[in-house]
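Topology and contacts: notes
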Amino acid sequence: MIADRLQRIGHSTISTVAGFGRAGFMLFGALLGKPDFRKGFPLLVKQLYVIGVLSLLIILVSGLFIGMVLALQGYNVLVKFGAEGMLGPLVSLSLLRELGPVVTALLFAGRAGSALTAEIGLMKATEQLSSMEMMAVDPLRRIIAPRFWAGVICMPLLALIFNAVGILGGHLVGVEWLGVDAGSYWSAMQANVDLYQDVMNGVIKSLVFALVVIWIALHKGYDAVPTSEGISRATTETVVTASLAVLGFDFILTAVMFGG
Amino acid sequence: MLSEILIDIQGLSFSRGDRPIYRAMNMQVQRGKVTAIMGPSGIGKTTLLKLIGGQLKPDSGKILFEGRDIPRLSRSELYQARKKMSMLFQSGALFTEMTVFDNVAFPLREHTKLPESLIRRIVLMKLEAVGLRGARDLMPAELSGGMARRAALARAIALDPELIMYDEPFAGQDPISMGVIVRLIRELNNALGLTSVVVSHDVTEVMSIADYVYVVADKTVIGEGTPEQLRNDPSPLVQQFLRGEADGPVPFHFKAAAYQDELMELTR
Ligand SMILES: Nc1ncnc2c1ncn2[C@@H]1O[C@H](COP(=O)(O)OP(=O)(O)O)[C@@H](O)[C@H]1O
Ligand SMILES: [Mg+2]
């Protein structure tokens, strides 16, 4: 009875660890080895479009609305203390440090991550990956690597765009609608936002999230059970696992960057 | 002088998890011939092709391709060897995001430095050979099942391989495209001097094109010979398979407890 349960725990631990091992090997298989720029560059550009440009709309809309909501909520609190002049720093710091990287990563997991998992899972199920291998072309280099790099390049840029649009949204609500002084909105922001402490740390966060999300998405697709159920399960797992991982890493990074 | 035997499988054993698929199997494929491997579904025919292609590693035994043991090759040697073989997957496995033309051009662009004009000429030639020159600008989703398989065949012969392996080329085809594919396999084999391995459970088609046939069941080869020899094979197993009978030495039912016992259990 107990031995049975222990055995089961041991089993699932081993398979989890083996899963990490496979994922690690996959990543290194894809990224090590000399890159071939002549063939690799067009593939990368295509993925930058598919992963980055096609995610742009959802990022713009979400950024705008989150900025507007932040300004609205922030104003209601600040105005009680007569501190509505601090609306600019409140909106921009919330976005740069937290909401920009985190929400972008969550949206990215839902929009691009799930699509990547499904795409690669389907390639596996329809034997496209196997047949590529039989043509002596390494699917890790041909399929996985360009998607990985495209994701790593796109996510920080998307997060920056998210921030910029959010700050504009805050301006729209705070200044245009609620009547905060435009000069104080911008100058207080300028005075309180530090390039390294706030902007760069946000970029570092979203770079880490990019690695995590894209790695999970690619691995779940590559490791999917090659059936329709397997692919749908893998797609769900990508969104759930990647979202939780982003929130977990966010806490750790926040503690390291702003904790002390 | 090239050896007459292209693939030599010696004492091959392979398991999926703890379920054995092959046990100490021997098999040889003659150069320039059409060799067929027949057996019921799920017996491990696709698995065997993947073993030959080096995608899976056997538990023990040798798989010699041109005298070199595939499972023992280094990664780059394996990739060199794979350029001489090609495999036609059951589903065709065309790359869905490329046109038929780009699919056929794919191995050429990956492995040669030929100028685009020459690649174009080769691709059109290969497409002509399978009767799909007019379909070059279609996407794989726009092709019928039979056309997709022929397009995949054009891609498989793009690099003029020594060996081509067909996984269930006849499964799910209408009678006309079945006939087309049967003829193509034979013609390509003779015209290009290829060696062909055809894996299938369609007895009539296989017996009509194969030079040599292996019947695989119960984790090993149960019968072999030319189609003529096989028809006269005394083994009841082989005869059951050739005639497609459900009852015989090979059980039709998946292994289970005796039916009566289970029924009794229900009434108890
Ligand atoms: N990726 C896999 N993982 C585990 N078992 C598999 C896998 N692929 C096939 N099998 C099992 O191996 C056996 C042989 O499969 P396969 O070679 O596809 O048979 P065939 O091509 O003769 O129909 C089947 O019982 C199948 O369930
Ligand atoms: Mg099969």
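Everything numeric in this text was worked out from a predicted model, so none of it was measured.

What follows is about the UniProt feature "domain: ABC transporter" (unreviewed entry) in chain B. This chain's UniProt record puts "domain: ABC transporter" (unreviewed entry) on residues 7–243 of chain B. End-to-end, the C-alpha atoms of residues 7–243 of chain B are 29 Å apart, and along that stretch the chain is 39% helix and 26% strand.

The next point concerns the sheet that holds strand β3 (residues 34–38) of chain B. Residues and elements named next belong to chain B. Read across the sheet, 6 strands follow the order β6-β7-β8-β3-β9-β10 without closing on themselves; strand pairing throughout is mixed. Each of the sheet's edge strands pairs with one partner strand only, and the pair in question is β6 (85–88) and β10 (220–225). Strand after strand, the sheet turns through a mean of 20 degrees between neighbouring axes, direction not considered. With 5 bridges connecting them, β3 and strand β8 (residues 195–200) associate as parallel partners. The residue bridging T35 from the neighbouring strand is V197, located in β8. Contacting β3, β9 (212–217) and β10, helix α9 (residues 236–243) runs over the sheet at an angle of about 75 degrees to β10.

Another point: the site of ligand 1. Residue and element names in this part refer to chain B. Ligand 1 sits among R16, R19, I21, S41, G42, I43, G44, K45, T46 and T47. Within the contact set of ligand 1, an oxygen atom lies 3.1 Å away from a side-chain nitrogen or oxygen of R19. Between K45 and ligand 1, the recorded distance is 2.8 Å, taken from a backbone N or O atom to an oxygen atom. At the level of secondary structure, the elements contributing two or more residues to the shell around ligand 1 comprise β2 (19–30) and α1 (45–52). It is α1 that provides the largest number of residues to the shell around ligand 1, a total of 3 residues. A class-by-class count of the residues in the shell around ligand 1 yields 2 nonpolar, 5 polar and 3 charged.

Calculation notes
Residues numbered from 1 in each chain as written. Chains lettered and ligands numbered in written order. Predicted model: local features only at pLDDT ≥ 70, side-chain atom pairs only at ≥ 80, totals over all residues. Heavy atoms only, no water. UniProt positions renumbered as here; feature names shortened; annotations may be inferred. Helix = DSSP H or I, 4+ residues; strand = E, 2+ residues; numbered from the N terminus. Pairing = 2+ DSSP bridges. Axes fitted to C-alpha atoms, helices over the stretch in contact; angles between N-to-C directions. Contact = heavy atoms within 4.5 Å. Near = heavy atom within 4 Å. Polar contact = N/O pair within 3.5 Å; in protein donor to acceptor, adjacent residues only side chain to side chain. Nonpolar A, V, L, I, M, F, W, Y, C, P; charged D, E, K, R; others polar.

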